[in-house]
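Next come the chains, spelled out residue by residue.
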Amino acid sequence: MTVSSFEAKSKTQTVDSYVLGLASGLNAANSALVANKSTPLFCLPPFLKLSTANYKEIIALGIKDTTTNKPERQSLEIEPILLKKLIELYPCGYN
């Protein structure tokens, strides 16, 4: 999903479902890394349960942090933006 689609439709159930699926996929990948004794991508604090609204806020922060100019930023994908921001916000070794 592009930044422009995310921003234009952010209040729809479709975007909520997409973001929830994206977050679930990233969490599943992270759990698989831990299960295989590999370094996880990010480490959420124990007992932290992020909601769809939280993930959407993290994506919005990641979009805001992008150094790409506005026209080019609209064509960026939100998937790597969310992953990068989760890694930044929840680094491993500090929880």
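For the structure, see preceding data.
Model, not experiment: these values are computed from the prediction. (Residues numbered from 1 in each chain as written. Predicted model: local features only at pLDDT ≥ 70, side-chain atom pairs only at ≥ 80, totals over all residues. Heavy atoms only, no water.)

(A) Geometry of helix H5 (residues 78-89). Helix length check: H5 (12 residues) gives 16 Å between terminal C-alpha atoms against 16 Å at 1.5 Å per residue, within 8%. Regarding H5, the residues found buried are Ile-78, Glu-79, Ile-81, Leu-82, Lys-85 and Leu-86. All buried residues of H5 lie within an arc of 165 degrees about the axis, which places them on one face of the element. In H5, those exposed residues whose orientation departs by more than 90 degrees from the buried face are Pro-80 and Lys-84. Turning to H5, the residues buried within the fold contact helix H1 (3-8), helix H2 (13-35) and helix H3 (52-65). (Helix = DSSP H or I, 4+ residues; strand = E, 2+ residues; numbered from the N terminus. Expected span 1.5 Å × (residues − 1). Buried < 20%, exposed > 50% of the residue type's maximum accessible area, 1.4 Å probe, protein only. Arc of directions from axis to C-beta. Contact = heavy atoms within 4.5 Å.)

(B) Main features of the side chain of Lys-85. By secondary structure assignment, the location of Lys-85 is in helix H5. At a separation of 2.8 Å, a polar atom in the side chain of Lys-85 contacts the side chain of Glu-88. Discounting chain neighbours no more than four positions away, the residues touching Lys-85 are Ile-58, Leu-61, Gly-62 and Asp-65. (Polar contact = N/O pair within 3.5 Å; in protein donor to acceptor, adjacent residues only side chain to side chain.)

(C) Geometry of the packing of H2 against H5. Contact geometry of H2 with H5 gives a least axis separation of 11 Å together with a crossing angle of 50 degrees. Considered as vectors, H2 and H5 are oriented oblique to each other. Crossing handedness for the pair H2 and H5: right-handed. Mapping the contact onto sequence places Tyr-18, Val-19, Leu-22 and Leu-26 in H2 and Ile-78, Glu-79, Leu-82, Leu-83 and Leu-86 in H5. Residue classes in the contact of H2 with H5 are distributed as 8 nonpolar, no polar and 1 charged. (Axes fitted to C-alpha atoms, helices over the stretch in contact; angles between N-to-C directions. Parallel < 35°, antiparallel > 145°, perpendicular 65-115°, else oblique. Left-handed = near helix turned anticlockwise from the far one by under 90°. Nonpolar A, V, L, I, M, F, W, Y, C, P; charged D, E, K, R; others polar.)

The values reported here are purely geometric and, on their own, carry no functional implication.
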